[in-house]
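# Structural overview for review
Next come the chains, spelled out residue by residue.
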Amino acid sequence: AVAATEKEDMLVTFVRDQMNKIIRELDQDSNGFLSMSEFKQLMVNETAVRALHEVGVDPVGLVDFADYIFDPESQGTTADSETGELQISFEKLMRVVLDFRGTNN
């Protein structure tokens, strides 16, 4: 049981690191937040899609829930001060992404 928990923790850390690196590349305005358009770019990034599969997240399902992910009332997203586009922090996005996993083991 301990080994399974450690393996799970390592996998989540690996995916978090992979996604963080990709998001930094996609964060066009370097504000530390991901906009809806940046999120859509993330969902077609081959490395990101592979990383999501690694932790049991269906990228297609995630895209289907994009409106929920960027909903200010449910996720606490904010609007970009210049464009008005909704955006979410990396940490909040990762919490939502990991909630979309089919399994926690």
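Notes on the structure in this doc start here. (Residues numbered from 1 in each chain as written. Predicted model: local features only at pLDDT ≥ 70, side-chain atom pairs only at ≥ 80, totals over all residues. Heavy atoms only, no water.)

## Observations concerning the pairing of strand β3 (residues 86–89)
With 3 bridges connecting them, strand β1 (residues 33–35) and β3 associate as antiparallel partners. In the strand pairing of β3, Phe 33 is matched with Ser 89. Alignment of strand β2 (residues 78–79) against β3, held across 2 bridges, turns out to be antiparallel. Residue pairing for β3: Thr 78 is matched across the bridge by Gln 87. The turn joining β2 and β3, which pair antiparallel and follow one another in sequence, is formed by 6 residues; a positive phi near 80° is taken by Gly 84. (Pairing = 2+ DSSP bridges. Helix = DSSP H or I, 4+ residues; strand = E, 2+ residues; numbered from the N terminus.)

## Structural notes on the side chain of Gln 87
In this structure, Gln 87 sits in strand β3. Looking at Gln 87, its side chain comes within polar contact range of the side chain of Asn 31, at 2.9 Å. With near-sequence residues (within four places) excluded, Gln 87 lies in contact with Asn 31, Phe 33, Leu 34, Ser 35, Phe 70, Thr 77, Thr 78, Ala 79 and Asp 80. (Polar contact = N/O pair within 3.5 Å; in protein donor to acceptor, adjacent residues only side chain to side chain. Contact = heavy atoms within 4.5 Å.)

## What about the sheet that holds β2?
Strand order in the open sheet formed by 3 strands is β1-β3-β2, and the pairing between neighbours is antiparallel. Each edge of the open sheet carries a strand with a single partner, namely β1 and β2. Each of β1 and β3 is contacted by helix α7 (residues 90–99), which is oriented at about 80° to β3, the strand it contacts most. (Axes fitted to C-alpha atoms, helices over the stretch in contact; angles between N-to-C directions.)

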